[in-house]
Amino acid sequence: MSKKPDITTITTGYFSTTMLNNNFENIRDQFDNTLSLDGSTPNAMQADLDFNNNSALNVDSLEAQTLTVGGSEIDLQEIKQNADDAEAAAAEAALYEGPWLDDVAALLADTSLTYTAGQPGTVTAGDIIRTRVEGFAYEVAASGAGDAHVTTAGGVGLYVLPGENGFDVRAFGTVWDSDSGAAVLAALTGAAGQTIDCGGATIRVDSDISYAGKVDLRNVTFDHSNGGSIDLNGGIAAIPGIAADIAAGDRKITFVSAHGLSSGDVFCVWNPTSGSFYSLETEAHDGCWFRVAAVNSTTEVEVYTQSPAAFAAADVECYVMGGEGVRLENVTAIPAPGGGSVAPIHVGLHQNVDVINPRVSPSDTPGTPTIARGIRLYRCFDFRVDGARSETTEGTNSYPLGISNCQQGTVTRAHNYSDWHALSTGGAADPGCCPVRDIQYLGCISTVTGAVGAVNTHIQAANILHRNGIANGAMTVFGQDVEVSGYLIRGRDALDNYAVRCDPRGGVIRLRNLSIETVGNSSSWGLLHFSNLDAMEAETWIEIDEVTINHKGAAANLQRLIMLGMGAGLPHALHIRIGTLRYMGPTPFAVVAVTGDNPMSSLSGLFDLEIENYDGPGVPYLVGGTGPRDAGLYDAPMRLPAQMVREDFSLTTSDDAKLGSFQSYTCAYPRTPDVSGLTIYRTDESPYNPGNTGEVPIPYIYDLEKNEARMGIKSTNGGTFTAAQDVRVAVTAQIKDW
C-alpha cells in the first residue's frame, strides 16, 4: 500500500455521503501505514527503512541481531560476548590489584607488608598478593588467623589461592635446594583434597611427613635422596566387635553395640592371632574388609560383598578405615640409596585410591645405589594403579611397587625393574592387615636380576588374578584361589631355579596358557614347583593346562618339570589335573616328581593325579624322597595318557648319573609287586638275574588302567653297569596285591 491515499474528487454541487466516507477510510488506512512519534500502534516496520544517507540522531539503544557497517556484517552477539569477557577479565584483574613480590622466597622473607594502618605496606584481610616469577596468588588472612597457609617474616598470614590447574606445592614454601617436607605438608593441608598440580617440578623431601586427609596430587617429582618419605595414612579406629559368628556368604553383620558406621564406610574383621590365615607365616592374619551398603540399625549393617569365609566372633576384632581417597597422577619418587624398609611414597588406610602413571627412578647419588622401596599401597580398599614404571636396585630386598593387605583393586600396565619383587603382593601384621584379596594384575611386565621371582604373591593372599603379562625371572604365586594365565615366564638365571613356585593355602590354583623358557634347574626344584603341601589349610585343586615349556639349556641342567613337595604328608585332599603339557628339550629326569621325607600313610584317599595330554619326552617318574614310604601315596588314583607309558627302556653306561639319582632315593613304591613272569634281558639277549649280581629290580612306573608295572634296576652294592650289561626291560608281569 502506498503512502498516498486514493481520493475521489467531489465537484461543486456534488453530494454523496458514500464517496465522502470512502475518502476518509482511505486516509485512515494511510495513517496506519506511517511511523508514529508517540509509539501508537501499529508501529512496526514491514520493510527496510532508507535514511538516504541521513543520520539517526539521539539513539538511546540499538537492538539488533546483526549490524552491517561499510558493507561488512558485524555479529552483535560476538560483540556482546567480548564485552562480557572484558568485564570478567577486569573483575579478575581487580582481584590482583595490590602488592607484587619477586618470588616465593622474597614473599616469605618480606617484612614490608604489615597489618599496621597507615604504612606503605599496609594490607587488610582479603587483599591479594602475587609473585612475579611463579605467578602465584595469595589472599591476606585476618590478623591473628591460625589457619594461614604461609606467614611472611613480617607476620602477615596468607592463604594460597589455586591456579588454573589447582594448587602448587611450591606456593607453600621454599622448595628448591633444601628440605621442603614442611611445604608439602602445608600444601596437602591447605588444599584439603582439592587438586595440587606442581607443573612437573622436582621437590626435595628430606624429612618424614604424614597426612591423613583426602589427596589429589599431580605432576611432581619428589627427591628423597636424603631419606625423607611421604606417608598418606588415612588412619584406623577400633569399633565394637561382632555379636555373632559370620558364616561364609553372609552379608549382614551384627555388632555388640552401636557401630557408628555410615553407608560407604569400610571396616574389617581381623584376627589378631599370628598365623591364623596360614600356619607357617606369622604375619598371615585372617580377616576381611567390607564396604557398608546399608545401615539396618545402630548395631547391624549390610555389606556389598558376601563374606569369603567364616569368622568366629571370639576370634576377631573390628576396625574402620579413616581415609576417604587418594589420587596420585604423574608422580615420580627418587628413593634414597640404601633406602631401608620405608617406602618413599606410602598410601595407607584409604578407600578409592587412584595411582596413575607413577614412576620410581634410581637415585643420582654416585656409586651403586641400593634402593629398597618405591610406592606402596597398604591396607587400601578399592584401588587402581595404571601405567607404573619403576626401577629399584637394592641387592637384597626391593619392592618398586608393593600391594600390601589391600582389597579389591586392579593393577594394569605396570613395567617394573628390580633386584627382587618387581611386582609384589603381600602384607604385614598391624591391625587391619587382612589377607590381600580380590586383586587383578593385567598386562604387566616384571623383570628382576636377583634370586626371588619377578612377580611375587605372598601366602597371605586370596583371589588373585595375573593375566596377559611377562615375568622375566620367574613367578611365585602363593595363597588361595590364584590364577595365572596368558603369561610368558622366563626362569631364574641360576640353575637352582624354578619358573613358577606355588605354596597353596587351599582352593583352586590355575596355571593356564603359559609359555615358559628356562636354561635348567637342579634336583631341588621343579620348573612348576609346588611346595609346603603338608601345610595346606584347606582342600586344594591344582589345574595345569596349555602350558608349554622350552628348555634351552644342557640336558644335565634339567631335572623335574613338576615337583610336588609333600613333606610330612597331606593335611587336606590334593587334586592334580593336567590338561595339555608340552615340553621341548632333552628328556627330563622326571615329568612329575613327588618328594617328602616322612611316612605318607596319611595320604590314602587324599591325593589323585590326572594327566590328559603330555607332549614331550620322558615319563612321569614318580620318585620319592629319602624317607620311608607307606601304602598311601601310590595307592592314589592316577590316570596317565598312553604316550607316557613306555613299553621298554635301556640303561647304558652313560646313564650313571641317572642311576646315581635312583640310588639316592628309597623305592618310590610302597610294596614290591609280584614280578613272576617278568623277564629282564641284557642287550645281548641273555637273561639277566639281578639276584646273582647284587642288583635288584625296582618299580619304575605303573599304569593302574593297564594294571602293569614298568620295572627298573638299582645297584645295591655300588656297582656300575658295563657296556655288555646294558639292560632293557620287557614288561610281561601283571601287578598283584597292590
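Quick caveat, the model's predicted, so the values are computed rather than measured.

Trainee: Tell me about the nonpolar core, and name the residues and values.
Mentor: The biggest cluster of nonpolar side chains holds 109 residues, and the ones touching the most others in it are F222, L328, L377, V411, F530, I562 and L564. If near-sequence neighbours (up to four positions away) are discounted, L564 is found in contact with F530, L533, I576, V592, A593, V594, T595 and F607. Of all hydrophobic cores here, the second largest spans 17 residues; its members include I246, I253, V269 and V320.

Trainee: For the pairing of strand β19 (residues 345-348), give the residues involved together with the corresponding values.
Mentor: With burial as the criterion, each face of β19 is covered, one bearing I345 and V347 and the other bearing H346 and G348. In terms of strand pairing, strand β11 (residues 229-233) meets β19 through 4 bridges, oriented parallel. Looking across to β19, one finds that L232 is bridged to V347. Sheet analysis places β19 next to strand β22 (residues 373-378), joined by 4 bridges and oriented parallel. Within the sheet, the bridge partner assigned to G348 lies in β22 and is Y378.

Trainee: Quick one: what's the story with the environment of T34, residue by residue and with numbers?
Mentor: Residue placement: T34 occurs in the loop between α1 (17-32) and β1 (66-69). Residue T34 is classed as partly exposed on the basis of its relative accessible area of 33%.

Trainee: Outline the sheet that holds strand β33 (residues 475-477), listing residues and values.
Mentor: Sheets are built from strands that pair by backbone hydrogen bonding, the pairs being arranged parallel or antiparallel. Strand order in the open sheet formed by 12 strands is β9-β11-β19-β22-β25-β28-β31-β33-β35-β37-β39-β41, with parallel pairing between adjacent strands. Since the sheet does not close on itself, it has two edges, and those belong to β9 (208-211) and β41 (590-595), each with one partner. Adjacent strand axes in the sheet meet at a mean angle of 15 degrees, parallel and antiparallel pairs treated alike. For strand β28 (residues 423-426) and strand β31 (residues 455-457), the ladder comprises 3 bridges, and the chain directions are parallel. From the neighbouring strand, S424 faces β31, where its bridge partner is N456. Strands β9 and β11 of the sheet are contacted by helix α4 (residues 181-191), whose axis makes an angle of about 5 degrees with β9.

Trainee: Please set out the pattern of salt bridges residue by residue, giving values where relevant.
Mentor: Using the criterion set out here, one finds 18 salt bridges in the structure. In this structure, the salt-bridge partner of D216 is R218, at a minimum N-O distance of 2.8 Å. Take R218: its relative accessible area is 23%, and that puts it in the partly exposed class. R384 serves as the salt-bridge partner of D354, at 3.0 Å between the closest nitrogen and oxygen. You can see D354 sitting in strand β20 (residues 351-356) and its partner R384 sitting in strand β23 (residues 381-386), a full 30 residues away along the chain.

Trainee: Would you mind going over the confidence of the model for the protein in detail, with residue names and values included?
Mentor: Mean pLDDT for the protein: 78, with 73% of residues reaching 70 or above. Counted against residues more than four places away or in other chains, residues 365-371, with its pLDDT under 50, gives 19 contacts. pLDDT under 50 marks residues 642-738. Its contacts with residues more than four places away, or in other chains, come to 188 contacts.

Trainee: I'd like to hear about the sheet that holds strand β3 (residues 100-101), residue by residue, with values.
Mentor: In spatial order, the strands read β3-β4-β5-β7-β6; together these 5 strands make up an open sheet with mixed pairing. The open sheet has two free edges, formed respectively by β3 and β6 (150-151), since each of these has just one partner strand. Taken together, the 2 bridges between β3 and strand β4 (residues 128-131) define a ladder with parallel strand orientation. If you follow W100 over to β4, its bridge partner there is R130.

Trainee: Requested: an account of the pairing of strand β5 (residues 137-140), with residues and values cited.
Mentor: Alignment of β4 against β5, held across 3 bridges, turns out to be antiparallel. Within β5, the residue paired with I128 across the bridge is E139. In textbook terms, the turn of a hairpin is the stretch between consecutive antiparallel strands, and for β4 and β5 this stretch comprises 5 residues, one of which, G135, has a positive phi near 75 degrees. Here β5 runs beside strand β7 (residues 157-161); their pairing, made up of 4 bridges, is antiparallel. Counted as the bridge partner of E139 is Y159 from β7.

Thresholds, definitions, all that
Residues numbered from 1 in each chain as written. Predicted model: local features only at pLDDT ≥ 70, side-chain atom pairs only at ≥ 80, totals over all residues. Heavy atoms only, no water. Core = buried A, V, L, I, M, F, W, Y, C linked by side-chain atoms within 4.5 Å. Buried < 20%, exposed > 50% of the residue type's maximum accessible area, 1.4 Å probe, protein only. Contact = heavy atoms within 4.5 Å. Helix = DSSP H or I, 4+ residues; strand = E, 2+ residues; numbered from the N terminus. Pairing = 2+ DSSP bridges. Axes fitted to C-alpha atoms, helices over the stretch in contact; angles between N-to-C directions. Salt bridge = Lys/Arg side-chain N within 4 Å of Asp/Glu carboxyl O. pLDDT = per-residue confidence, 0-100.

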